[in-house]
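Structural description and commentary
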Amino acid sequence: METETTGLDYLIVGQGLAGSILAYLLIREGKKINIIDSPEFPSSSRVAAGIYNPVTGRKLVKTWLADELFPHLEVFYTELEQVLDAKFLHPVPIYRPFPNKEVQTYFKSDKVSADFYDFATVEFENIRYKDLVNSTLGGVTTKHSGWLDLKVMLEAFRKYFQEKGVFIAEKFNPEKALSATCTTIFCEGFQAVNNPFFNYLPFSPVKGEVLDISIEGIELSEIINQGAFVVPLSANTFRLGATYSWHELDFAPTQKAKEELIEKYHKLMKPAISVTAHQAGVRPATKDRRPLIGMHPEFQQIGIFNGLGSKGVALAPYFAEQFVDFLVNGKELSPEVNINRFASLYLRVGNS
Ligand SMILES: Cc1cc2nc3c(=O)[nH]c(=O)nc-3n(C[C@H](O)[C@H](O)[C@H](O)COP(=O)(O)OP(=O)(O)OC[C@H]3O[C@@H](n4cnc5c(N)ncnc54)[C@H](O)[C@@H]3O)c2cc1C
């Protein structure tokens, strides 16, 4: 079917996390938009655990732009809950038990930067979780962290867009962006690798799998994370994740990943589990681990908002706001995320 763009300011392609937030902010700016999403393509947002976490890595350093992203994050999603009349934000600490003495010693030393404590507290005796976790060395508990129920949020967004009459359930042929009478912004997640306008960009997609598990008789409101994460979804139900694979980039769950996750779980936690669901998705990650945002080097009416990788929940609000400021007010995009950092790749593959 031909997508009608007359009278629109923007056509947003993809109603995952990226497209939904961008479309919402453009509507808030008074722009006329349509948002189109294909039931044919899977969405990694619907598989994601939705965790936002200001400290990462073995030494738990602050994540990129933590000071800018995190103070605003919960305010943004709380306001969104009110607008969409749905509950999806779950601000909870993440408990990261020390895996060994070496890591514990590091956290006892003065090598840990002072500003790390803006985002976390440290304890050296494991008191709270001694019946659940296979570590008695203590650990780090993060602040300003939690998880977003992305399925609930995306369904609420869909209802919101449908009620405004701006949602189209259809596959969009990227070539049609050339004849559209409005600006088209592609928010296709992993599918962008097949988009003829943006397949020159250095995507590095990563497949990930998660299990939903049932654990009887435990009370856990925090996320536990060490090697694997265990997120409390509801009474007795938890999400266990996640795997990372740069091969077989599809949405098919595999036995290998299931076994890997169960093994990691038993390293981390004591109680027995039963698996109730198994899902796979592909993270739209990039080679330089930074988002891909901006306008096409040749066709200025075609843009992209993508490359959120494994941190979409934390990155999407901040960079969607920045992109809207660029689109509506002409304010510059951060050079670290602007796709014009790869303009030479576009010329090299002979597009121009
Ligand atoms: C296993 C796993 C665990 C994860 N855990 C976390 C986590 O804990 N925290 C976190 O922040 N992130 C996590 N992520 C990453 C997160 O999923 C992504 O950062 C984010 O969801 C990407 O959103 P997106 O909108 O760019 O892509 P998607 O959610 O994939 O959305 C793209 C949408 O575009 C549509 N589309 C594509 N092409 C077309 C077309 N031609 N026409 C119409 N529609 C089209 C698709 O149908 C889809 O709905 C995880 C990912 C995986 C796979």
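Definitions and cut-offs
- Residues numbered from 1 in each chain as written.
- Predicted model: local features only at pLDDT ≥ 70, side-chain atom pairs only at ≥ 80, totals over all residues.
- Heavy atoms only, no water.
- Near = heavy atom within 4 Å.
- Polar contact = N/O pair within 3.5 Å; in protein donor to acceptor, adjacent residues only side chain to side chain.
- Areas by Shrake-Rupley, 256 points an atom, 1.4 Å probe, with all protein chains shown as cover.
- Helix = DSSP H or I, 4+ residues; strand = E, 2+ residues; numbered from the N terminus.
- Nonpolar A, V, L, I, M, F, W, Y, C, P; charged D, E, K, R; others polar.
- Domains from an automatic or database assignment.
- Contact = heavy atoms within 4.5 Å.
- Salt bridge = Lys/Arg side-chain N within 4 Å of Asp/Glu carboxyl O.
- Buried < 20%, exposed > 50% of the residue type's maximum accessible area, 1.4 Å probe, protein only.
- Phe/Tyr/Trp six-rings, centres within 6.5 Å; stacked < 30°, edge-to-face > 60°.
- Lys NZ or Arg CZ within 6 Å of the ring centre and 35° of its normal.

Some points on the site of the ligand
- Near the ligand lie 38 residues; those nearest to it are Asp37, Ser43, Ser45, Ile51 and Gly309.
- With respect to the ligand, the side chain of serine 45 contributes an N or O atom lying 2.4 Å from an oxygen atom.
- Measuring from a nitrogen atom of the ligand, one finds a backbone N or O atom of serine 310 at 3.2 Å.
- Coverage of the ligand by the protein amounts to 97% of the 1000 Å² it exposes when considered alone.
- Taken together, the elements giving at least two residues each to the shell around the ligand come down to helix H1 (17–28), strand S2 (33–37), strand S13 (206–214), strand S17 (274–283) and helix H6 (312–329).
- A class-by-class count of the residues in the shell around the ligand yields 17 nonpolar, 14 polar and 7 charged.
- Taken together, domain 1 (10–47 + 151–203 + 287–348) and domain 3 (206–283) each give at least three residues to the shell around the ligand, which thus spans both.

A look at the domain arrangement of the chain
- Here the chain is described as being made up of domain 1 (10–47 + 151–203 + 287–348), domain 2 (77–148) and domain 3 (206–283).
- Centre-to-centre separation of domain 1 and domain 2, based on C-alpha positions: 32 Å.
- Counting residues at the interface gives 10 residues for domain 1, matched by 8 residues for domain 2.
- At the boundary of domain 1 and domain 2, one finds 0 salt bridges.
- The leading source of residues in the side of domain 1 that touches domain 2 is helix H4 (residues 150–163), at 5 residues.

Section: the pattern of salt bridges
- For the structure on display, the rule yields 13 salt bridges.
- Note that aspartate 212 and arginine 239 form a salt bridge whose closest N and O atoms lie 2.8 Å from each other. Here aspartate 212, found in strand S13, pairs with arginine 239, found in strand S16 (residues 237–241); they are 27 residues apart in sequence, far enough to count as distant. Each member of the pair aspartate 212 and arginine 239 is classed as buried.
- The structure contains a network of salt bridges with shared partners spanning Lys207, Glu209 and Asp250.

Overview of the packing of aromatic side chains
- Tallied over the full model, the rule gives 22 aromatic pairs.
- Relative to phenylalanine 107, the ring of tyrosine 106 has its centre 5.1 Å away and its plane inclined at 90°; by these criteria the two rings are edge-to-face.
- A relative accessible area of 16% means that tyrosine 106 is categorised as buried.
- Its relative accessible area of 3% is what places phenylalanine 107 among the buried residues.
- Ring centres 5.5 Å apart and planes at 5° place the aromatic pair phenylalanine 157 and phenylalanine 161 in the stacked group. One end of the pair is phenylalanine 157 and the other is phenylalanine 161, both in helix H4 and 4 residues apart, which spans about a single turn.
- Aromatic ring contacts, followed pair by pair, group Phe98, Tyr106, Phe107, Phe116, Tyr117 and Phe124 into a single cluster.
- In this structure, arginine 283 packs its charged tip against the face of tyrosine 244, placed 3.9 Å from the ring centre.
- The ring of tryptophan 64 has arginine 290 sitting right over it, with the charged end atom 4.0 Å from the ring centre.

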